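Remarks on the overall topology
Chain residues, written in single-letter form:
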Amino acid sequence: MSDPQQLSTQEREQGTQFAPRFDSRGLITAVVVHEETKDVLVVAHMNAEALALTRETGRVHFWSRSRGKLWLKGETSGHYLNLREIRVDCDQDALVIVAEPAGPTCHTGEQSCFYRRINPTADDASALVKVKT
């Protein structure tokens, strides 16, 4: 097997070898979408260990930048993200995680972390409007 960092552009973009490109901090962006609704649930980061554990356990793990540690989504709330599929972008530096949530995804109790939209014509003081679900 070739070194993942030495893949040609064509091999990386068209080949079958999974060779994730982590950033300088060892992280890759992961966008989690709801299996049925396709709503974006959360955007977070994974390190190699979080990605490996997600693949191994079927439950989505992240690297918490604010806490500086591995994080199993749902470990305290019981609202796990159950893995259904992992998609990788063309240059393998971002992931889309398709998951079935076992309850609200956001720590605020909302179904998604993206529960507000920005009113583009309002001033910043009143620009956020809750999305109706």
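Our structure's up above, just so we're on the same page.
Described in the following lines is the structure provided in the data block. These figures come from a predicted structure and were not determined experimentally.

So, the state of the cysteines
Counted under the stated rule, the structure contains zero disulfides. Of the cysteine sulfurs around Cys106, a residue in no disulfide, the closest is that of Cys113, at 3.9 Å.

So, the environment of Arg65
One can find Arg65 in the loop between strand S3 (61-64) and strand S4 (69-72). A C-alpha to C-alpha distance of 7.8 Å links Arg65 and His45, two positions 20 residues apart in sequence. Apart from the residues within four sequence positions on either side, Arg65 is in contact with Arg25, Leu27 and His45. A distance of 3.4 Å separates the side chain of Arg65 from the side chain of His45, its partner in a polar contact.

Regarding the pairing of strand S2 (residues 40-46)
Counting buried positions along S2 yields five of seven residues, so the element is predominantly enclosed. Across six bridges, the pairing between strand S1 (residues 28-34) and S2 is antiparallel. Opposite Ile28, over in S2, you have Met46 as the bridge partner. Where S1 hands over to S2, the hairpin turn is made up of five residues, of which Lys38 adopts a positive phi near 70 degrees.

Thresholds applied
Residues numbered from 1 in each chain as written. Predicted model: local features only at pLDDT ≥ 70, side-chain atom pairs only at ≥ 80, totals over all residues. Heavy atoms only, no water. Disulfide = S-S within 2.5 Å. Helix = DSSP H or I, 4+ residues; strand = E, 2+ residues; numbered from the N terminus. Contact = heavy atoms within 4.5 Å. Polar contact = N/O pair within 3.5 Å; in protein donor to acceptor, adjacent residues only side chain to side chain. Buried < 20%, exposed > 50% of the residue type's maximum accessible area, 1.4 Å probe, protein only. Pairing = 2+ DSSP bridges.

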